[in-house]
Amino acid sequence: PYRRGKKRSIAEFENCRIAWRWAVAHEATDALAMSALTMLHFCDHRDRLEEGLSLFRDAVASRLSQADPKLGALLLGAAGHLEYRLDRYVDAEATARRALAATRYARDHGTKLQCLKVLGGCCLRLGRHGEAKRFFKQALQLAPENIDPHNAAAMLDNLALVEKAMGRYGEALR
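These lines cover the structure that appears in this document, whether it is placed above or below.

**What to know about the nonpolar core**
So, step 1. If you look at the biggest cluster of nonpolar residues, it comprises 46 residues, and the most contacted ones within it are W20, L32, M39, F56 and L75.
So, step 2. Those elements that provide at least two residues to this core are α1 (4–25), α2 (29–45), α3 (49–61), α5 (69–85), α6 (89–106), α7 (109–125), α8 (129–142) and α9 (149–165).
So, step 3. Among residues more than four places away in sequence, those in contact with M39 are F13, C16, R17, W20, L55 and F56.

Structural data, given as structure tokens:
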């Protein structure tokens, strides 16, 4: 019953999973760093959230994640995103906070932005609107319109959702 494209997608993911596990086992830091966002986006868009979270958690638990703060923050940030997508908001918030703390030493702009988005999303889902607004505003400052229009638009949209949740419809439209 699988269509040809679905079989290929499953085989491709299996190849990626094997390569990822090999990179973790052989402490191939560069390979993990270069493929982390691709793996995250694939798992996110193909609804392989549990599998992706397992792969990222294994990498976070590895020695190389501990030895390289920038990689550790990146992997934690990705794990937090997948926890958020699985509606595990308390876990996602804790993971994103750990990753955000690690970015202070690693100075990783992209991971910091990812963490702020996850934290804002968790707070919004948990009804903590003031905190959500603060995190989304911080993310918007990291990704201003003239530098990162895609993320800026997403953060403005998130801020509108916060305002709407607070009953401020005029501000949400603005």
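**A word on unusual backbone geometry**
So, step 1. In the Ramachandran plot, E27 falls in the positive-phi region, its phi being about 50 degrees despite a non-glycine side chain.
So, step 2. Topologically, E27 is positioned in the loop between α1 and α2.
So, step 3. Looking at E27, the relative accessible area reads 35%, which means it is partly exposed.
So, step 4. A positive phi angle is found at D47, which is not glycine, with a value near 55 degrees.
So, step 5. Tracing the backbone shows D47 in the loop between α2 and α3.
So, step 6. What makes D47 exposed here is its relative accessible area of 59%.

**What to know about the packing of α2 against α5**
So, step 1. Between α2 and α5, the shortest axis-to-axis distance is 10 Å and the interhelical angle comes to 10 degrees. As far as their axial angle goes, α5 and α2 are roughly parallel. Across the interface between the two elements, T29, L32, A33, A36, L37, L40 and D44 of α2 pack against L71, L74, L75, A78, H81, L82 and R85 of α5.
So, step 2. A class-by-class count of the residues in the contact of α2 with α5 yields 10 nonpolar, two polar and two charged.

**Description of the environment of Y84**
So, step 1. Checked against the element boundaries, Y84 lands in helix α5.
So, step 2. It is 24 Å that separates the C-alpha atoms of Y84 and E14, two residues lying 70 residues apart in sequence.
So, step 3. Excluding anything up to four places from it in sequence, Y84 contacts Y89, A92, V118, G121, C122 and R125.

**A short note on the state of the cysteines**
So, step 1. Under the defined criterion, the tally for this structure stands at zero disulfides.
So, step 2. With no disulfide of its own, C122 lies closest to C123 among cysteine sulfurs, the gap being 6.9 Å.
So, step 3. The class for C123 is buried, based on a relative accessible area of 0%.

**So, the packing of aromatic side chains**
So, step 1. The final tally for this structure, using the stated rule, is three aromatic pairs.
So, step 2. Relative to F42, the ring of F13 lies with its centre 5.2 Å away and its plane at 10 degrees, an arrangement referred to as stacked. Of this pair, F13 sits in helix α1 while F42 sits in helix α2, and the two are 29 residues apart along the sequence.
So, step 3. Of the residues examined, F13 reaches a relative accessible area of 0% and is grouped as buried.
So, step 4. Sitting over the face of the ring of F135, R134 holds its NZ or CZ atom 4.5 Å from the ring centroid.

**Observations regarding the packing of α3 against α5**
So, step 1. Taken N-terminus to C-terminus, the directions of α3 and α5 make an angle of 155 degrees; their axes are 9 Å apart at the nearest point. Put simply, α3 runs roughly antiparallel to α5. When you trace α3 past α5, the crossing you get is left-handed. The segment α3 lies against α5, with L49, G52, L53, F56, R57, A59 and V60 engaging L75, L76, A78, A79, L82, E83 and R85.
So, step 2. Of the residues contributing to the contact of α3 with α5, the split by class is 10 nonpolar, one polar and three charged.

What counts, and where the lines are drawn
- Residues numbered from 1 in each chain as written.
- Predicted model: local features only at pLDDT ≥ 70, side-chain atom pairs only at ≥ 80, totals over all residues.
- Heavy atoms only, no water.
- Core = buried A, V, L, I, M, F, W, Y, C linked by side-chain atoms within 4.5 Å.
- Buried < 20%, exposed > 50% of the residue type's maximum accessible area, 1.4 Å probe, protein only.
- Helix = DSSP H or I, 4+ residues; strand = E, 2+ residues; numbered from the N terminus.
- Contact = heavy atoms within 4.5 Å.
- Axes fitted to C-alpha atoms, helices over the stretch in contact; angles between N-to-C directions.
- Parallel < 35°, antiparallel > 145°, perpendicular 65-115°, else oblique.
- Nonpolar A, V, L, I, M, F, W, Y, C, P; charged D, E, K, R; others polar.
- Disulfide = S-S within 2.5 Å.
- Phe/Tyr/Trp six-rings, centres within 6.5 Å; stacked < 30°, edge-to-face > 60°.
- Lys NZ or Arg CZ within 6 Å of the ring centre and 35° of its normal.
- Left-handed = near helix turned anticlockwise from the far one by under 90°.

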